[in-house]
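Observations on the three-dimensional arrangement
Each chain is listed here by its residues.
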Amino acid sequence: MKKILITSALPYINGIKHLGNLIGSQLPADVYARYMRAKGNKVLFICATDEHGTPAELAAIDKKETVENFCENMWNTQKKIADGFFISFDYFGRSSSKQNHELTQHFASKLWENGYLEEVNEKQFFSIEDNRYLPDRYITGTCPSCGYEKARGDQCENCTKQLQPTDLIDPSSTISGSKKLEIRQTKHLYLKQSKLKKKLNDWISKKDNWPILTKSIAKKWLHDEEGLKDRGITRDLSWGVKVANSGKPWKGFENKVFYVWFDAPIAYIAATKEWSEKNFNKEWKNWWITDQGADKVYYVQFMAKDNIPFHTLSFPATIFGSRENWKLVDYIKGFNWLLYEGGKFSTSEKRGIFMDVALKIFPADYWRWWLLSNAPENSDTNFTWDSFQNTINKDLADVLGNFITRVTKFSFAKFGSKIPSNNVYGDLETKTINELDKLYERYNNFLSKIEIRKASQELRNMWVVGNEYLQKAQPWSILKKDEDKAKIITRFSFHLINLYSLISEPFIPDTCQKIRNHFGLPKKSEWPEGLKNSFDNLTNKNDISLPDILFPKITDSEKEIFQDKYSGS
RNA sequence: GGGCGAGUAGCUCAGUUGGUUAGAGCAGAGCGCUCAUAACGCUUUGGUCGCAGGUUCGAGUCCUGCCUCGCCUACCA
């Protein structure tokens, strides 16, 4: 038994996330967590909302709520939606928790003590009408390079040129449109990542097995141009973790908070602490402090590619700089983007499928299956309604669902509501198990390496074996001359269904549970150690009820309606 | 501009350290079955492996150049 710590990137609080966010971290993390748990490992799966920063404040203003209330409500919403997708978090915390405030301040104090922070004076735009400092991207103006009138302060979207906000001609606040902007002098704390460059490089260089995507992004940032840059970790905002040193306000930083990117990763630790305190245990240290047991923990992070620099560099720099025994990540699984019908998901243009809508129109397992079997592991992946309809109807409805229906209806009609007890299996059953065992080994191998797409293919191949078996065994014609043999075939088919309901659980947990309920199978699911010895683990008491169709097909007209409805404004 | 990745069947992709006739799923065609959500099974048609050179007994795989596409480039999280 191993101890496995799993975190999925913190979803930002400013709204409901879309399918791309889901497949970029929470969903694959959930597959891994479920698999590792089923294998008998001790798993701790942690996530939290990322609540600080300008977008959160603006979203609250937009909803005419206080930012505290807004975050509270949105945390509830996001939690509920994650539950709706059967994401099996052990704890879903908040980056605004008391624990995170304390830990963030703790880390900052240590970094200061060890000389990894410095105070830097800089100039920043302040909007008088908005009464706030504006991040670069919240300033709009004319691009000095191409003349595009809606260039942002960080970059011109039209000509892709990198900009400073002061480069813009006729700048205005993106928030209010106000042109009453002034440049003010302000002071910020910088994390001196550059001093830790060698340490980070040595650490990353040893991670031979990390995905190319993860390593190449980290290396790029380390070695690009002048190398790893220092990074401002405070902001002129009110909502966030107050800048403090050893519990006392930091002189000159009374009206500032830490930058979300500083406090968000620390929230992995803080959320574990929340979990610990809610459960009245002190276990969080066993997961996070290496000389208190965490050295035996295998820690895996899941995230989309935008998050990779912060998890490979900034957060490890924070940990290294603290000179304390915090657990570092062992493996980072990064994902590319999910596209929607060839373009980007867009919150503002209402383009694409958002998690709440998704749950309203199709069951969670439909989405889980499509997203996981098409996970953007090697490149950006395109969601299309055609593909979704085709994949669900074929894989879930035809291959798996229909297999279950044909076995169940046959058995129910011929032998009543009990699974036949005859279990003297012959050559065909042996061959079938051997065939499945080969696929199963591959399946397990892919799951342990977190190769989600490939794992899903092997799982599907195992479903196909069920149909192949039935076709060869033909219980419907055997029944006419040898009822006993027909019962054996039927029982073996139920055995396969039982098997499927165990091993498919990481991908389609809801359906697996439904299957087990209908066929009187025990709730507790154990991951078979190999299939050759598990010919039959059904009891003679299994009472079946006829399930409704497990996977109703997606019709052409449904597809067309949704295609049209979510194509954007 | 720089960096990374990709280009393989109509579509989506797999191809381990270079090794016989390049694979899967979907889509197409034919046959079979009738338990089943007109579902399933079997067979089968599709490929100058982006282009041009090179190394090698042998290249989808290695090297060079080129073309096309995607992503990243630090204040969006």
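Residues numbered from 1 in each chain as written. Chains lettered and ligands numbered in written order. Predicted model: local features only at pLDDT ≥ 70, side-chain atom pairs only at ≥ 80, totals over all residues. Heavy atoms only, no water.

**Side note on the overall build of chain A**
When you go through chain A residue by residue, the secondary structure sums to 18 helices and 18 strands. The C-alpha atoms of chain A give 27 Å as radius of gyration, which agrees with the globular expectation for 569 residues (25 Å, within 12%). Projected onto its principal axes, the C-alpha positions of chain A cover 90 × 55 × 40 Å. Across the 569 residues in chain A, those meeting the buried criterion constitute 57%. Nonlocal contacts in chain A, meaning residues at least 24 apart in sequence, comprise 77% of its contacts between residues at least 6 apart. In the form shown here, chain A has an accessible surface area of approximately 25,100 Å², with 47% of it arising from carbon and sulfur atoms. For chain A, the centre of its 82 positive side-chain charges and the centre of its 72 negative side-chain charges are spaced 3 Å apart. (Helix = DSSP H or I, 4+ residues; strand = E, 2+ residues; numbered from the N terminus. Rg over C-alpha atoms; globule rule 2.2 N^0.38 Å. Buried < 20%, exposed > 50% of the residue type's maximum accessible area, 1.4 Å probe, protein only. Contact = heavy atoms within 4.5 Å. Areas by Shrake-Rupley, 256 points an atom, 1.4 Å probe, with all protein chains shown as cover. Lys, Arg positive; Asp, Glu negative; His and termini not counted. Charge placed at Lys NZ, Arg CZ, Asp CG, Glu CD.)

**Considering the packing of aromatic side chains**
Taken as a whole and judged by the stated rule, the model has 44 aromatic pairs. Summarising the aromatic geometry, the rings of phenylalanine 107 and tryptophan 326 are spaced 5.1 Å apart at their centres and angled 40 degrees between planes, so their arrangement reads as tilted. Pair noted here: phenylalanine 107 is in helix H4 (residues 98-113) and tryptophan 326 is in the loop between helix H9 (308-322) and strand E16 (331-335), with a separation of 219 residues, a long-range link. Using a relative accessible area of 0% as the deciding quantity, one classes phenylalanine 107 as buried. The buried category is assigned to tryptophan 326, whose relative accessible area is 9%. Put simply, the rings of Tyr340, Phe345, Phe362, Tyr366, Trp367, Trp370, Phe383, Trp385, Phe388, Phe551, Phe562 and Tyr566 pair up and form one aromatic cluster. One Lys or Arg, arginine 184, reaches over the ring of phenylalanine 126 and ends 3.6 Å from the middle of that ring. If you follow arginine 235 out to its NZ or CZ, it ends over the ring of tyrosine 259, 3.6 Å from the centre. (Phe/Tyr/Trp six-rings, centres within 6.5 Å; stacked < 30°, edge-to-face > 60°. Lys NZ or Arg CZ within 6 Å of the ring centre and 35° of its normal.)

**Some details on helix H13 (residues 427-448)**
Over its 22 residues, H13 runs 31 Å from end to end, which matches the ideal 32 Å to within 8%, given 1.5 Å per residue. Regarding H13, the residues found buried are Glu429, Thr432, Ile433, Leu436, Asp437, Leu439, Tyr440, Tyr443, Asn444, Phe446 and Leu447. In the core, the buried residues of H13 are packed alongside helix H1 (19-38), helix H14 (452-473) and helix H16 (483-503). (Expected span 1.5 Å × (residues − 1).)

**Considering the sheet that holds strand E5 (residues 132-133)**
Strands pair in a sheet through their backbones, by hydrogen bonds, and they do so in one of two ways: parallel or antiparallel. With respect to topology, four strands assemble into an open sheet ordered E5-E4-E9-E10, the strand pairing being antiparallel. Edge positions in the open sheet fall to E5 and strand E10 (231-232), since each of these has one partner strand only. In the packing of H4 onto the sheet, contacts are made with strand E4 (117-127) and strand E9 (181-191), and the angle to E4 comes to roughly 125 degrees. (Pairing = 2+ DSSP bridges. Axes fitted to C-alpha atoms, helices over the stretch in contact; angles between N-to-C directions.)

**Considering the sheet that holds strand E7 (residues 151-152)**
In space, the three strands of this open sheet follow the order E7-E6-E8, with antiparallel pairing throughout. The outermost strands of the open sheet, each flanked by one partner alone, are E7 and strand E8 (169-173).

**Quick notes on the pattern of salt bridges**
In this structure the tally under the stated criterion is 29 salt bridges. The partner of arginine 94 in a salt bridge is glutamate 72, with the nearest N and O atoms 3.4 Å apart. Of this pair, arginine 94 sits in strand E3 (residues 91-94) while glutamate 72 is found in helix H3 (residues 67-84), placing the two residues 22 residues apart along the sequence. Judged by relative accessible area, glutamate 72 falls into the partly exposed class, the value being 38%. Put simply, aspartate 170 and lysine 179 hold a salt bridge, and the shortest N to O gap is 3.2 Å. (Salt bridge = Lys/Arg side-chain N within 4 Å of Asp/Glu carboxyl O.)

**A few points about the layout of surface pockets**
Reported here for the second largest pocket is a volume of approximately 750 Å³. Taken together, 22 residues form the lining of the second largest pocket, with Asn14, Pro55, Arg137, Tyr138 and Thr347 sitting closest to its centre. Elements with a minimum of two residues in the lining of the second largest pocket: helix H2 (54-62) and H3. A per-element tally of the lining of the second largest pocket places H2 first, with four residues. (1 Å grid on protein atoms, 1.4 Å probe; cavity = no way out; pocket = protein on both sides within 12 Å on 5 of 7 lines; lining within 4 Å. Points joined across faces, edges and corners; volume = space filled by probe spheres on them.)

**What to know about the pairing of E16**
Of all the five residues making up E16, five are buried; the element is thus mostly covered by neighbouring parts of the structure. The alternating pattern of E16 places Tyr331, Lys333 and Phe335 and Ile332 and Gly334 on opposite faces, both of which are buried. Where strand E15 (residues 297-304) lies against E16, five bridges are found, and the strand directions are parallel. Bridge assignment links valine 300 to a residue of E16, and that residue is tyrosine 331. You can see the chain leave E15, run along H9 and come back into E16, and the turn it takes is right-handed. (Right-handed = clockwise from strand over helix to strand, strands pointing away.)

**Here we look at the side chain of asparagine 444**
With respect to the helices and strands, the residue asparagine 444 is situated in helix H13. You can call asparagine 444 buried: its relative accessible area is 12%. Residues contacting asparagine 444, with those up to four places away along its chain left out, are Tyr35, Lys39 and Trp527.

**Some details on the state of the cysteines**
For the structure on display, the rule yields zero disulfides. Here cysteine 71 stays free of any disulfide, with the sulfur of cysteine 47 as its closest cysteine sulfur at 15 Å. Under the relative-accessibility criterion, cysteine 71 is labelled buried at 0%. (Disulfide = S-S within 2.5 Å.)

**A look at the protein's contact with RNA strand B**
If you check the shell around RNA strand B, you find 46 residues, and the closest are Asp50, Arg137, Asp154, Asn402 and Lys409. Sugar and phosphate atoms form 69% of the subset of RNA strand B atoms that lie within 4 Å of the protein. Between RNA strand B and aspartate 136 there is a distance of 2.9 Å, counted from a sugar or linking oxygen to a side-chain nitrogen or oxygen. In the model, a phosphate oxygen of RNA strand B is placed 3.4 Å from a nitrogen or oxygen of the tyrosine 259 side chain. (Near = heavy atom within 4 Å. Polar contact = N/O pair within 3.5 Å; in protein donor to acceptor, adjacent residues only side chain to side chain.)

**Notes on H14**
When the terminal C-alpha atoms of H14 are compared, their 32 Å separation across 22 residues agrees well with the 32 Å that a helix rising 1.5 Å per residue should span. Following H14 by one or two positions, glutamine 474 has its phi on the positive side, about 45 degrees.

**Considerations on a positive patch on the surface**
Residues Lys414, Lys480, Lys481 and Lys485 make up a contiguous surface patch of positive charge. Inspection of the secondary structure puts lysine 480 in the loop between helix H15 (475-478) and H16. (Patch = residues over 30% accessible without salt bridge, like charges linked within 9 Å, V, L, I, M, F, W, Y side chains within 5 Å.)

**As for the environment of phenylalanine 86**
Mapped onto the elements, phenylalanine 86 comes out in the loop between H3 and E3. Residues phenylalanine 86 and alanine 364 lie 278 residues apart in sequence; the distance between their C-alpha atoms is 7.6 Å.

**Describing unusual backbone geometry**
Notably, phenylalanine 86 is not glycine yet its phi reads approximately 60 degrees, a positive angle. On the accessibility criterion, phenylalanine 86 (29% relative accessible area) is partly exposed.

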